[in-house]
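Results of the structural survey
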Amino acid sequence: MAGSEDAGYRQLPGDVWRRIPPWHFHPPELPERPASAAFVNEKDGDPMSVVLADVATALGITPADVLSGHDGFALVAIRAETLAAQGLVATPSRRDHEPAHGSIDMGSSRSMRKAVANACVWVVAPGRSP
Amino acid sequence: MMMLVDTNSEVADRYERVQPKIETPSMRTKDVRPAVRRQLAVLERLQPNWDSYGGAPVAAAAIEAVTQLFDQRPYVREPFIAPVASGGLLLEWTAGAVEIEAEFDRDGVVSVLWTGPDEQSEEHGRAAASLLGRALDAVAV
């Protein structure tokens, strides 16, 4: 995993953001990346929720907004090239209170989740304020 | 004819030379089970929506499956254990260039991803249990 807020996250076209709960910081003492368990479909099988960063930025939604109310969470970006390399597609799925909401069907491949976990970048690293 | 007994030190020395080394758990690296139990005790208290995306609490079947795994293989390195949104548990080890991930779903069924220097294997169900058994040899202590 490369980059952090301190190292200067630079948003690229097609980035998607996802919150990472503290239970997925790996390793817990000095987190380098999220666990692959952070990149799975939802419990009922619905696609994984993400924030479409381009849409968010256009609407003035910041990483701090995405993390609001989620103390201790971090935020990562999955690059468009990572999604493409894994055959993943981020689809807009706007919700009432989440206009930049998107969805990605992560399927059941463990190796794909692992690849995403290894390739994503911190937008707001663990222990940092947005 | 009865032989005179050597001194204690000599007897001890002979015993040492002729007896095979007997390794007991207390002589080996620590049993990983207490550390695993501590991690599980924290994770089993997770509330619904612990991941902010509607994640389910960790299922009892997943806890039981992990507990059984370490009852069978207590002398392995301590894994990183993380909850999975479905109610399962992910176990992860790194040993040099080898990475092992074992995910127990909410029914306790395991899937395994084994990543070596030049190859990767992924299995589910019974085949995964077999792969996990072999993979744990890489993190045995």
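What counts and how
Residues numbered from 1 in each chain as written. Chains lettered and ligands numbered in written order. Predicted model: local features only at pLDDT ≥ 70, side-chain atom pairs only at ≥ 80, totals over all residues. Heavy atoms only, no water. Helix = DSSP H or I, 4+ residues; strand = E, 2+ residues; numbered from the N terminus. Rg over C-alpha atoms; globule rule 2.2 N^0.38 Å. Buried < 20%, exposed > 50% of the residue type's maximum accessible area, 1.4 Å probe, protein only. Contact = heavy atoms within 4.5 Å. Areas by Shrake-Rupley, 256 points an atom, 1.4 Å probe, with all protein chains shown as cover. Lys, Arg positive; Asp, Glu negative; His and termini not counted. Charge placed at Lys NZ, Arg CZ, Asp CG, Glu CD. 1 Å grid on protein atoms, 1.4 Å probe; cavity = no way out; pocket = protein on both sides within 12 Å on 5 of 7 lines; lining within 4 Å. Points joined across faces, edges and corners; volume = space filled by probe spheres on them. Nonpolar A, V, L, I, M, F, W, Y, C, P; charged D, E, K, R; others polar. Polar contact = N/O pair within 3.5 Å; in protein donor to acceptor, adjacent residues only side chain to side chain. pLDDT = per-residue confidence, 0-100. Salt bridge = Lys/Arg side-chain N within 4 Å of Asp/Glu carboxyl O. Pairing = 2+ DSSP bridges. Buried area = accessible area lost by both parts, 1.4 Å probe.

What chain A contains, in helices and strands, is four helices and eight strands. Traced from its N-terminal end to its C-terminal end, chain A shows the element sequence β-β-β-β-α-α-β-α-β-β-α-β. Relative to the 2.2 N^0.38 estimate, which gives 14 Å for 130 residues, the radius of gyration of chain A is 13 Å and therefore close to what a compact globule would have. Seen through its C-alpha atoms, chain A measures out along the principal axes to roughly 35 × 35 × 25 Å. Across the 130 residues in chain A, those meeting the buried criterion constitute 45%. Partitioning the contacts of chain A with sequence separation of at least 6, the portion at a separation of at least 24 is 77%. Roughly 6000 Å² of accessible area belongs to chain A as shown, and the carbon and sulfur atoms make up 51% of that amount. Counting 12 positive and 15 negative side-chain charges, chain A places the averaged centre of each group 4 Å from the other.

Another aspect to go through is the layout of surface pockets. Each pocket or cavity is described by its volume, and for the largest pocket that value is around 400 Å³. Residue lining of the largest pocket: 18 residues in total, with Ser108 and Arg113 of chain A together with Ser86, Glu103 and Asp105 of chain B positioned closest to the centre. When grouped by side-chain class, the residues that make up the lining of the largest pocket number three nonpolar, seven polar and eight charged. What the second largest pocket holds in volume is close to 180 Å³. Contributing to the lining of the second largest pocket are Arg19, Val51, Ile61, Asp65, Val66, Ser68, His70, His97, Glu98, Pro99, Ala100 and His101 of chain A. A class-by-class count of the residues in the lining of the second largest pocket yields five nonpolar, four polar and three charged.

Locating Ser36 of chain A in the fold gives a position in the loop between β3 (33-34) and β4 (48-52). A polar contact is formed between the side chain of Ser36 of chain A and the side chain of Glu101 of chain B, at a distance of 2.7 Å. Setting aside its immediate chain neighbours within four residues, Ser36 of chain A contacts Arg110, Arg113, Lys114 and Ala117 of chain A together with Leu90 and Glu101 of chain B.

This part is about the confidence of the model for chain A. Detailed reading of the predicted model is not advised wherever pLDDT is low. Here chain A averages 93 in pLDDT, while 95% of its residues score no lower than 70. Long-range and interchain partners of residues 2-6 of chain A, a stretch whose pLDDT sits below 50, account for 15 contacts in this model, where long-range means more than four residues apart.

Should their charged atoms come close, side chains of opposite charge can pair. By the definition in use, this model includes twelve salt bridges over all chains. One salt bridge connects Glu92 of chain B with Lys114 of chain A, and the closest N-O pair in it is separated by 3.2 Å. Of this pair, Glu92 of chain B sits in strand β2 (residues 89-95) while Lys114 of chain A sits in helix α4 (residues 110-119), on two different chains. The pair Glu92 of chain B / Lys114 of chain A is uniform in exposure class, with both members buried. A salt bridge links Lys114 of chain A to Glu101 of chain B; its shortest N-O distance comes to 3.0 Å. One end of the pair, Lys114 of chain A, is in helix α4; the other, Glu101 of chain B, is in strand β3 (residues 98-104), on a second chain. Assigned by exposure class, Lys114 of chain A and Glu101 of chain B land together as buried. Beyond isolated ion pairs, a larger network of salt bridges with shared partners links Arg33, Arg110, Arg113 and Lys114 of chain A together with Glu92, Glu99, Glu101 and Glu103 of chain B.

A separate point is the pairing of strand β7 (residues 101-104) of chain A. Residues and elements named next belong to chain A. Burial along β7 is two-sided: His101 and Ser103 and Gly102 and Ile104, pointing in opposite directions, are all buried. Examined bridge by bridge, β4 and β7 share four bridges and lie antiparallel to one another. Looking across to β7, one finds that Ser49 is bridged to Ser103. Pairing analysis gives two bridges linking strand β6 (residues 91-92) to β7, with the strands arranged antiparallel. Directly across from Thr91, in β7, lies its bridge partner Ser103.

Attention now moves to the interface of chain A and chain B. Each side of the interface is counted separately: chain A has 25 residues, and chain B has 25 residues. Summed over both partners, the interface of chain A with chain B comes to about 2100 Å²; 55% of that surface belongs to carbon and sulfur atoms. Put simply, the parts of the chain that give the side of chain A that touches chain B at least two residues each are β1 (16-20), β2 (25-26) and α4 of chain A. The element contributing the most residues to the side of chain A that touches chain B is α4 of chain A, with four residues. Classifying every residue of the side of chain A that touches chain B by side-chain character gives eight nonpolar, nine polar and eight charged.

Here we come to the sheet that holds β1 of chain A. Strand order in the open sheet formed by six strands is β6-β7-β4-β1-β5-β8 (chain A), with antiparallel pairing between adjacent strands. Unpaired on one side and paired on the other, β6 and β8 (121-124) of chain A mark the two borders of the sheet.

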